[in-house]
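# Geometric and topological summary
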Amino acid sequence: MVMQISPGVGGPEPGPGGHLRGSDRSGVSLYVQVRDLRASLSHASDLGGTVLSEPFDVPGGPTLAAITDPEGNPLMLVQQ
């Protein structure tokens, strides 16, 4: 089952806000919109996070980068 979730305040218009779907992996995948992707990666690293992927472009979409927070929780950063 997939359930659409509307974007938050300041989210892309129009654009996906998220969805719920069944998976073998438990947890939540968070996508956080940032103004400066490279600066955010540096700041995350300085605060104890780990950069999993350098910025990459999604064809026809945004620029993303993957990190984990200091506790190992995954986050995707999205260039605003």
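Refer to the preceding data block for the structure.
Attention here is on the structure that accompanies the text. Because the structure is a prediction, the values reported are computed rather than measured.

Rules used in this analysis
Residues numbered from 1 in each chain as written. Predicted model: local features only at pLDDT ≥ 70, side-chain atom pairs only at ≥ 80, totals over all residues. Heavy atoms only, no water. Patch = residues over 30% accessible without salt bridge, like charges linked within 9 Å, V, L, I, M, F, W, Y side chains within 5 Å. Areas by Shrake-Rupley, 256 points an atom, 1.4 Å probe, with all protein chains shown as cover. Salt bridge = Lys/Arg side-chain N within 4 Å of Asp/Glu carboxyl O. Helix = DSSP H or I, 4+ residues; strand = E, 2+ residues; numbered from the N terminus. Buried < 20%, exposed > 50% of the residue type's maximum accessible area, 1.4 Å probe, protein only. Pairing = 2+ DSSP bridges.

A cluster of nonpolar side chains, namely V28, L30 and V32, defines an oily patch on the protein surface of about 250 Å² accessible area. If you trace the backbone, L30 turns up in strand β3 (residues 30-34). Judged by relative accessible area, L30 falls into the partly exposed class, the value being 46%.

In terms of burial, strand β5 (residues 63-68) is largely enclosed, as 5 of its 6 residues are buried. Here strand β4 (residues 50-57) pairs with β5 via 5 bridges, running antiparallel. Each bridged residue has a counterpart across the sheet, and for F56 the counterpart in β5 is L64. Two successive antiparallel strands, β4 and β5, enclose a turn made up of 5 residues, where G60 displays a positive phi of approximately 75°. In the sheet, β5 pairs with strand β6 (residues 74-79) via 5 bridges, with the strands oriented antiparallel. Across the sheet, residue L64 finds its bridge partner in β6, namely V78. Where β5 folds back onto β6 in an antiparallel hairpin, the turn is made up of 5 residues, including G72, whose phi is positive at roughly 90°.

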